[in-house]
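Spelled out, the chains give:
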Amino acid sequence: MARLFIMHILNIVLLCLLAFVGGIFYHGPSDALWLPVVGIPLVFIMVMLLTDQPAQAWKTSPMVVKWVGLCLTGFLAWGLGSALLGGWPAVSYWYWLTFAWLLTSFGLMERLPERHRDLVLSASLGIVVLTAVAAIVDYAWFSPRASGPFIDPNSFAALINVAIFVALSEYLRRSLSGLKTRLIWMAVAILALTLILTQSRGAWLAFVGGACLYLFVTWRFWHILPRPAVLKGPAAVGLGFILGAGALGVSFFDRAESVVTSDQTARLLIWDSTLQAIDEHGWVGTGLGTFKLYYPEFRYLEETGTAGDMAHNDYLQLALETGLPGAMMFASVVVLVFLTFLRRGVFARKMQKPREAISRLSGSVMLIAVLTAFAHALVNFVFYEAAITILIGIALSVGLRRLYSGKFHDVDAFRAVDGPRRKASALPWLFAGLLSFGLVCDALIATFLALESPHVEQPGGVDSDRYRMAQLVSTLYPLNTKATEYAMAAEFNEAANMPIPPIKEMAEKLAVDNAKRLLRYKERDCMAQTVVAEFPTRVAQRNGVTDPETYSEAIGSLRVANRQLPLCMPAYLELSDLLVLVDQKADALDVLLDATKVFAIRDEDQPNRLEVLERAGQLAEELGEAQVALRMAVSLIENEARSEWALEFLEEHGELRRPVTQ
């Protein structure tokens, strides 16, 4: 019986570590194949936690542990409700799994026996150190910033930041207990070196704050603990920093100086836009991970410093995605952890027993690891990475247990060996199996569909072999927005190329149906809004109808799309076409010139840029706006020398000053 029990615990530990490894490579929908590696262990561990002596550990835990668990549970439940009420965008559950790991790893560590908790903590730390070594090698050979397997070096720096203080906590506990610590000391130095090589200013600031807390806490225990052991950990950090600064050279000082001198306009603009979005969607929320779907409506054209996928402040982003109640529950965890750190660590009574002091000090440093992540989340996206949430959940549980040493009553988790055994039910495991099968299927579907947005404005812009599969998936599995997007692309391209009017009309109707379905789950989509607004007028356009009333609804919808998505070039083009059709050419020219203002403000190359410039120039020439036409022609030549209209116009007006390659 005891052997079976140990094997049962080890299986749980291995599942958790497997998910942690997967989390290092899983960064949301862009890494579809890693979804089952992160999701399936989560499903099975949750089932085990809920079915095997439920809530046994919580009954023996201090009140703060219960409140943290309750707040995280409420946050996840509210986040699930927000996603459902928001139409359940496919991206929501990908990120819901990431946040669910924060609660699951925390709950799992509460239920595991102490020796197995230490095993999970040590193994996780070892995995991060190996990842850091790989990042250092990658930086030495290829990369301008150390980022490891992460897409963004700032998120990788957040993981390293947490790991540094976890390693310091373990070093203190082992060193003060007389255990061997050389490997951990080296791990601290490697992690510190990696943190410098990430060149993440937000992570550096968070580390400085954590270091101040570390120094203050160690001073509180200075009178009772051996001072060399307390000082060797910071010495390892200092060594890593010196090596990192030496590797960066002058750029290290430039980067450090930019913490104060750099222009933070982009962050301020994105935060202001997020606050506007919260004002509109702030109570119910839009669903985890949907920030990038709603941000374009509120984005300032002057905000050119970010990709627009994240708010660079997890608390503001969570307020939008899970509503103010969800964000408040998540923030409550931050407050509880900080107050516990102050009460049991900073302002703890002076202790005379070394054993209790060691436990308190290592627990305090472990909570500093969690607090640095909470601080870093103010200026970057931290909790949207599965590996970070898993490590934070582990560190949070271990830190609270060490701070409340003597207040816990360990039980042999997952049924006491000699206790009564209930008859197991197969239903939870059947449910877990179905969920796991769904995760595998969705990962394969997402991989097949490549997870890129199809360029539906260009015939043949999407691999035609995927059309039929996308249509089938979007019909059988309507929550998969990417499949619906591909299906819409298929019908759009068919409508553009069909010479037979009845078949063309059928393709247009299917494109509109798919676009409407997409908008139910992804409210802000450039091409879907354009298709829904303009396609129903295609028959009238082909029949030469010029009555303004026929197109008034489409024109109004396209104007709304331009206001909501100012970067949506297809909406500008279709709106200008309809205005020309109803003989409002001056208004059409104004619309196209508004589109060119986007080019002037934003640096990146917009889709349909050349088409907008050429149409605006031709229309300006027709209306007698010679200066405007000249400006458009010059812009075309600067971007693409093969524009026949631009070449003819400039030659006719004697403005072609340089030879042009035909």
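Just so it is clear, the structure is predicted and the values come from calculations on it, not from any experiment. (Residues numbered from 1 in each chain as written. Predicted model: local features only at pLDDT ≥ 70, side-chain atom pairs only at ≥ 80, totals over all residues. Heavy atoms only, no water.)

Engineer: Please explain the overall build of the chain as it appears in this structure.
Structural biologist: Scanning the chain from N- to C-terminus turns up 29 helices and zero strands. Going through the 662 residues of the chain one by one, you find that 55% of them count as buried. Long-range contacts, defined as pairs at least 24 residues apart, comprise 76% of the intrachain contacts of the chain with a sequence gap of at least 6. Total accessible area on the chain stands at roughly 29,100 Å², and carbon and sulfur atoms take up 62% of it. (Helix = DSSP H or I, 4+ residues; strand = E, 2+ residues; numbered from the N terminus. Buried < 20%, exposed > 50% of the residue type's maximum accessible area, 1.4 Å probe, protein only. Contact = heavy atoms within 4.5 Å. Areas by Shrake-Rupley, 256 points an atom, 1.4 Å probe, with all protein chains shown as cover.)

Engineer: Just checking my understanding: could you explain the nonpolar core for this structure?
Structural biologist: In a soluble, globular protein the nonpolar side chains are often hidden away together inside. One finds Phe99, Ile164, Leu191, Phe374 and Phe383 to be the most contacted residues of the largest nonpolar core, which totals 133 residues. For this core, the element with the highest residue contribution is helix 5 (residues 90–111), accounting for 14 residues. In this structure, Phe374 is in contact with Tyr315, Val333, Val334, Val337 and Phe383, ignoring residues within four places of it in sequence. Val612, Met632, Ile637 and Ala646 belong to the second-largest nonpolar core, a separate cluster that totals 41 residues. (Core = buried A, V, L, I, M, F, W, Y, C linked by side-chain atoms within 4.5 Å.)

Engineer: What am I meant to see in the packing of helix 14 (residues 314–321) against helix 15 (residues 323–346) here?
Structural biologist: The packing of two helices is summarised by the inter-axis angle and the distance between the axes. Close contact between helix 14 and helix 15 brings their axes to 6 Å; oriented N to C, the two are set at 145°. Where helix 14 approaches helix 15, its residues Tyr315, Leu318, Ala319, Leu320 and Glu321 are matched on the opposing element by Gly323, Leu324, Ala327, Phe330 and Val334. Grouping the constituent residues of the contact of helix 14 with helix 15 by class yields eight nonpolar, one polar and one charged. (Axes fitted to C-alpha atoms, helices over the stretch in contact; angles between N-to-C directions. Nonpolar A, V, L, I, M, F, W, Y, C, P; charged D, E, K, R; others polar.)

Engineer: I'm lost on unusual backbone geometry in this one. Help?
Structural biologist: Among all residues except glycine, the phi angle is most often negative; among peptide bonds, the trans geometry is most common. For Gln199, which is not glycine, the phi dihedral falls at a positive 55°. Assignment of secondary structure puts Gln199 in the loop between helix 8 (182–198) and helix 9 (201–220). Accessibility expressed as a relative area gives 12% for Gln199, which makes it buried. One non-glycine residue with positive phi stands out, namely His312, at about 60°. Positionally, His312 belongs in the loop between helix 13 (291–298) and helix 14. Residue class for His312 comes out buried when judged on its relative accessible area of 14%.

Engineer: Explain the pattern of salt bridges to me, please; I cannot follow it from the model alone.
Structural biologist: Where charged atoms from two side chains of opposite charge come close, those side chains can pair. For the coordinates displayed, the defined rule picks out 13 salt bridges. Put simply, Asp118 and Arg402 hold a salt bridge, and the shortest N to O gap is 4.0 Å. Residue Asp118 is found in helix 6 (residues 114–141), and its partner Arg402 is found in helix 17 (residues 386–403); the two are separated by 284 residues along the sequence. No difference in accessibility class separates Asp118 from Arg402, as the two residues are buried. (Salt bridge = Lys/Arg side-chain N within 4 Å of Asp/Glu carboxyl O.)

Engineer: Help me understand the packing of aromatic side chains, please; the structure alone is not making it clear to me.
Structural biologist: Here a ring pair, both rings aromatic, is described through the centre-centre distance and the interplanar angle of the planes. Throughout the structure, instances matching the rule amount to 20 aromatic pairs. Taken together, a centroid distance of 5.6 Å and an interplanar angle of 50° make the contact between Trp204 and Phe252 tilted. Taken as a pair, Trp204 in helix 9 and Phe252 in helix 11 (residues 250–261) lie far apart in primary sequence, 48 residues in all. Consider the rings of Phe216 and Trp219, whose centres lie 5.7 Å apart with planes at 40°: the pair is tilted. (Phe/Tyr/Trp six-rings, centres within 6.5 Å; stacked < 30°, edge-to-face > 60°.)

Engineer: Would you explain the packing of helix 25 (residues 569–581) against helix 27 (residues 609–622) in this entry?
Structural biologist: The contact between helix 25 and helix 27 brings their axes to 10 Å, and the two run at 25°. The pairing of helix 25 with helix 27 is recorded here as roughly parallel in orientation. In the crossing of helix 25 with helix 27, the sense of the turn from one axis to the other is left-handed. Taking contact as the criterion, the partners of Met569, Leu573, Ser576, Asp577 and Val580 in helix 25 are, on helix 27, Glu611, Val612, Arg615 and Leu619. Its residues assigned to classes, the contact of helix 25 with helix 27 comprises five nonpolar, one polar and three charged. (Parallel < 35°, antiparallel > 145°, perpendicular 65-115°, else oblique. Left-handed = near helix turned anticlockwise from the far one by under 90°.)

Engineer: Where do I start with helix 14 in this structure?
Structural biologist: One turn of the α-helix equals 3.6 residues, which is why residues spaced by three or four share an orientation. Of all eight residues making up helix 14, eight are buried, and the element is well covered by its neighbours. All of the buried residues along helix 14 are Asp314, Tyr315, Leu316, Gln317, Leu318, Ala319, Leu320 and Glu321. Between a side-chain oxygen at the N-terminus of helix 14 and the backbone nitrogen of Tyr315 the separation is 3.0 Å; the capping residue is Asn313. Positive phi appears at Gly323, one or two residues downstream of helix 14, with a value of about 80°. (Polar contact = N/O pair within 3.5 Å; in protein donor to acceptor, adjacent residues only side chain to side chain.)

Engineer: I'm lost on the environment of Ile637 in this one. Help?
Structural biologist: Checked against the element boundaries, Ile637 lands in helix 28 (residues 626–639). Of the residues examined, Ile637 reaches a relative accessible area of 7% and is grouped as buried. Sequence-wise, Ile637 and Leu610 are 27 residues apart; in three dimensions their C-alpha atoms are separated by 9.9 Å.

Engineer: What's the story with a nonpolar patch on the surface in this structure? I'm lost.
Structural biologist: Side chains of Phe25, Leu33, Trp34, Val440 and Leu444 sit close together on the surface and give an oily, nonpolar patch of about 440 Å² of accessible area. Following the sequence through the fold, Phe25 ends up in helix 1 (residues 2–25). With relative accessibility at 34%, the residue Phe25 sits in the partly exposed group. (Patch = residues over 30% accessible without salt bridge, like charges linked within 9 Å, V, L, I, M, F, W, Y side chains within 5 Å.)

Engineer: Could you clarify how one ought to interpret helix 25 in this entry?
Structural biologist: In this model helix 25 runs 19 Å from its N-terminal to its C-terminal C-alpha over 13 residues, within 8% of the 18 Å that 1.5 Å per residue would give. Where burial is concerned, most of helix 25 is hidden: ten out of the 13 residues are buried. Restricting attention to buried positions, one finds in helix 25 the residues Met569, Pro570, Ala571, Tyr572, Leu573, Glu574, Leu575, Ser576, Leu578 and Leu579. (Expected span 1.5 Å × (residues − 1).)

Engineer: So what exactly am I meant to see when it comes to a negative patch on the surface here?
Structural biologist: Taken together, the side chains of Glu621, Glu644, Glu648, Glu651 and Glu652 make up a negatively charged region of the molecular surface. The leading source of residues in the negative patch is helix 29 (residues 644–652), at four residues. Locating Glu644 in the fold gives a position in helix 29. We classify Glu644 as exposed; its relative accessible area is 58%. (Lys, Arg positive; Asp, Glu negative; His and termini not counted. Charge placed at Lys NZ, Arg CZ, Asp CG, Glu CD.)

Engineer: What am I meant to see in the state of the cysteines here?
Structural biologist: In a disulfide, the sulfur atoms of two cysteines are covalently bonded to one another. Enumeration over the complete set of coordinates arrives at one disulfide. At a sulfur-sulfur separation of 1.9 Å, the disulfide partner of Cys526 is Cys568. One quick way to see it: the torsion about the S-S bond of Cys526 and Cys568 is about 75°, and its sign makes the bridge right-handed. Taken together, the residues span a long stretch of sequence, with Cys526 in helix 22 (residues 526–534) and Cys568 in the loop between helix 24 (548–564) and helix 25 at a distance of 42 residues. With a relative accessible area of 23%, Cys526 lands in the partly exposed category. Judged by relative accessible area, Cys568 falls into the buried class, the value being 3%. (Disulfide = S-S within 2.5 Å.)

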